[in-house]
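Working through the structure, step by step
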Amino acid sequence: MRAIGYHISASRGLVRAMEEATSFGASAMQCFTRNPRGSRAKALDLDDIRRFEAVRKGFGPVFLHGAYTMNLASKDEGVRARSEALLADDLARLQAYPADTIYVFHPGAHTGDGIETGILRIVRALDRLREDFGAGTICLETMSGKGSEVGGRLEEIAAILSAVGDPHLHVVLDSCHLYSAGYDLARPEAVAAAIEETVGLSRVRGIHLNDSLTPLASKKDRHAPIGAGHIGTEVLARFVGYEAFSHLPIVLETPGEGADHAKEIRALRRALGEG
């Protein structure tokens, strides 16, 4: 059965988070590595991580999401330095997690200096951190292209992957972001072809599944519950069920609590023919 989960707080540890997630029908989950709007991170609970590995029984993978405040592409040198330090710390912490853990982060925003400059800054930062790429799966997230974001076009993600040239660096697709950036998920074969021509399908490691409050190519990042946006449950199920994506783990980043996500997971599994 497909690994499907949702974003959940891990403030009480991975084991408690897993127990809560499974009670709502999830078989995977995503957690922040630290305060998403700040820089503070709790000390790792190594006993909890070991207990999680011992009792997970096929649950997972765990997605770990980097802080929203990280911006490796910023024109502000101080912001770039702090962001690189946060990413380095996350990569060091990733060493303690299960081997199938997926770490995902936003590429950044060039804040007015242009896409090419933004990409160059991201590449330089990742080059300096390459020695820390040994554990887990490290993924750039596809973005909506709002403002000065880098990663709204697949070619931009591909340029980063190519320039860094490290086999540990991969991609997580975000359905809302792709749709908002102009990729029509109702044509999954065309989206798959675009991915193969740029980043390569073999580099994709997971999916953030979200509906969109805004229309196709709106260049906005407004997540909606599955079936409550412009994309719709049927199209989202067709997208993730397409042969090029059917093996990928899924996590929801939609509004709501556990009971809301349980309904979304049930609806998605029915649409995929699993329920």
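Everything numeric in this text was worked out from a predicted model, so none of it was measured.

A word on the packing of helix 1 (residues 14–23) against helix 2 (residues 46–55). Between two packed helices, both the angle of their axes relative to each other and the distance between the axes serve to describe the pair. At their nearest, the axes of helix 1 and helix 2 sit 8 Å apart, and the two run at 40° to each other. One element, helix 1, and the other, helix 2, form an angle in the oblique class. In contact with L14, V15 and M18 of helix 1, helix 2 contributes D48, I49, R51, F52 and V55. Along the lines of polarity and charge, the residues of the contact of helix 1 with helix 2 split into 6 nonpolar, no polar and 2 charged.

A few words now on the state of the cysteines. In the structure shown here, the tally under the stated rule is 0 disulfides. We note that C31 lacks a disulfide partner, and the nearest cysteine sulfur, in C139, lies 16 Å from it. Take C31: its relative accessible area is 1%, and that puts it in the buried class. Of all cysteine sulfurs, the one in C139 lies closest to C176, which takes part in no disulfide; the gap is 19 Å.

Below, the discussion takes up the UniProt feature "binding site: Zn(2+) 3" (unreviewed entry) in the protein. Feature annotation in UniProt assigns "binding site: Zn(2+) 3" (unreviewed entry) to the following positions: H177, D221 and H223. In summary, the annotated positions, though distributed over 47 residues, converge in three dimensions, the widest C-alpha pair being only 8.6 Å. The residue H177 is located in helix 6 (residues 175–181) in this model. Residue H177 is classed as buried on the basis of its relative accessible area, which comes to 1%. Excluding residues that lie within four positions of it along the chain, H177 makes contacts with E141, T142, M143, S144, D221 and H223. Structurally, D221 can be placed in the loop between strand 8 (211–212) and strand 9 (223–224).

Let us now look at the packing of helix 4 (residues 115–128) against helix 5 (residues 154–164). Direction vectors running N to C along helix 4 and helix 5 enclose 35°, while the axes themselves pass 9 Å from each other. Considering how the two elements wind past one another, helix 4 and helix 5 form a crossing that is right-handed. Contact residues: helix 4 offers I115, I119, I122, V123, L126 and D127, while helix 5 offers E156, A159, I160, A163 and V164. Within the contact of helix 4 with helix 5, the residues separate by chemical class into 9 nonpolar, no polar and 2 charged.

When the UniProt feature table is mapped onto this chain numbering, "domain: Xylose isomerase-like TIM barrel" (unreviewed entry) sits at residues 19–270. Between the end C-alpha atoms of residues 19–270 the distance is 23 Å, and the span holds 38% helix and 15% strand.

Let us now look at helix 1. Residues three or four positions apart in an α-helix share a direction because the helix packs 3.6 residues into each turn. Among all positions of helix 1, only L14, V15, A17, M18 and A21 are buried. Here the buried residues of helix 1 occupy an arc of 160° about the axis, which is enough to place them on one side. Buried residues along helix 1 sit in contact with strand 1 (4–7), strand 2 (28–32) and helix 2. Looking one or two residues past helix 1, G25 carries a phi angle of roughly 85°, positive in sign.

Each value, and the rule that gives it
Residues numbered from 1 in each chain as written. Predicted model: local features only at pLDDT ≥ 70, side-chain atom pairs only at ≥ 80, totals over all residues. Heavy atoms only, no water. Axes fitted to C-alpha atoms, helices over the stretch in contact; angles between N-to-C directions. Helix = DSSP H or I, 4+ residues; strand = E, 2+ residues; numbered from the N terminus. Parallel < 35°, antiparallel > 145°, perpendicular 65-115°, else oblique. Contact = heavy atoms within 4.5 Å. Nonpolar A, V, L, I, M, F, W, Y, C, P; charged D, E, K, R; others polar. Disulfide = S-S within 2.5 Å. Buried < 20%, exposed > 50% of the residue type's maximum accessible area, 1.4 Å probe, protein only. UniProt positions renumbered as here; feature names shortened; annotations may be inferred. Left-handed = near helix turned anticlockwise from the far one by under 90°. Arc of directions from axis to C-beta.

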